[in-house]
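Each chain, letter by letter, is given below.
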Amino acid sequence: FQNVSNPLEYLKRVFSWLGFEVVVYNEQKAQQIRDIMNSFQMKDHTERDCFVCCILTHGQSQAILGTDNEVVKINVIVSTFSPQNCKTLAGKPKLFFIQACQGKNIQGAHLIEEDAAVSTTKTIPNAADVLIGMSTVDGCFSYRHIEMGTWYIQALCSNLIKMVPKGEDILSILTKVNRDVSEKEYSKSGNLLKQMPQPAYTLRMKLVFPIPTSDFKEYF
């Protein structure tokens, strides 16, 4: 396959190939983002097995920005789909992939030498079954290649394509994403800059996407 330089288009193709119903919203103000989240919160997800939300925008620590530069807290977005607030997604994995800077600090480079049981409880915590894949650690920049697009989205999409057909779970995939992005570097004013993605999760079970049955060539 060939990488798609537009990260939004890349995500759309990959998740369509994985069998998701994909809806795209462009250039949204902060309140519009909140309204979109609330509209999906109100939907009936009974017949669905998983919810994925991808956000590509500017950001700051623990928050994203709308096109009006107004702040939307990431924890507010995630809590919109908690079992308490979205009952038809209770007990189902909710994945959030966020491509945004989380501050203005830079990550330097350092030389190194090479060298699940299923729960049977009848109740679940309100923060259960969530995965948040951040493109960078808190406080730091997130980079993009001028031609190939953002480092994180490229690594996420390419590894979903490679590893889902092998039956790999999402945490294994994100570990590979971490490695791929961490190996990239950007030189600026004589400094070698790096990026480290950061997944955080409360998943209670291993999450493996079904191997796609649709023709790969239809999407790529």
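Here, the structure is the one placed above.
This section reports on the structure supplied with the text. Source: prediction; values computed, not measured. (Residues numbered from 1 in each chain as written. Predicted model: local features only at pLDDT ≥ 70, side-chain atom pairs only at ≥ 80, totals over all residues. Heavy atoms only, no water.)

1. Some words on the packing of aromatic side chains
Line of reasoning, step 1. Taken as a whole and judged by the stated rule, the model has eight aromatic pairs.
Line of reasoning, step 2. Consider the rings of phenylalanine 15 and phenylalanine 20, whose centres lie 5.4 Å apart with planes at 80°: the pair is edge-to-face.
Line of reasoning, step 3. On the accessibility criterion, phenylalanine 15 (6% relative accessible area) is buried.
Line of reasoning, step 4. Taken together, a centroid distance of 6.1 Å and an interplanar angle of 50° make the contact between phenylalanine 40 and phenylalanine 51 tilted. Within this pair, whereas phenylalanine 40 is found in helix α2 (residues 30-41), its partner phenylalanine 51 is found in strand β1 (residues 51-56), the two being separated by 11 residues in sequence. Each member of the pair phenylalanine 40 and phenylalanine 51 is classed as buried.
Line of reasoning, step 5. Among the aromatic residues, those joined into a cluster by ring pairs are Tyr25, Phe40, Phe51, Phe81 and Phe96.
Line of reasoning, step 6. Across from the ring centre of phenylalanine 40, 5.4 Å away, lies the NZ or CZ of lysine 43, which sits over that ring. (Phe/Tyr/Trp six-rings, centres within 6.5 Å; stacked < 30°, edge-to-face > 60°. Buried < 20%, exposed > 50% of the residue type's maximum accessible area, 1.4 Å probe, protein only. Helix = DSSP H or I, 4+ residues; strand = E, 2+ residues; numbered from the N terminus. Lys NZ or Arg CZ within 6 Å of the ring centre and 35° of its normal.)

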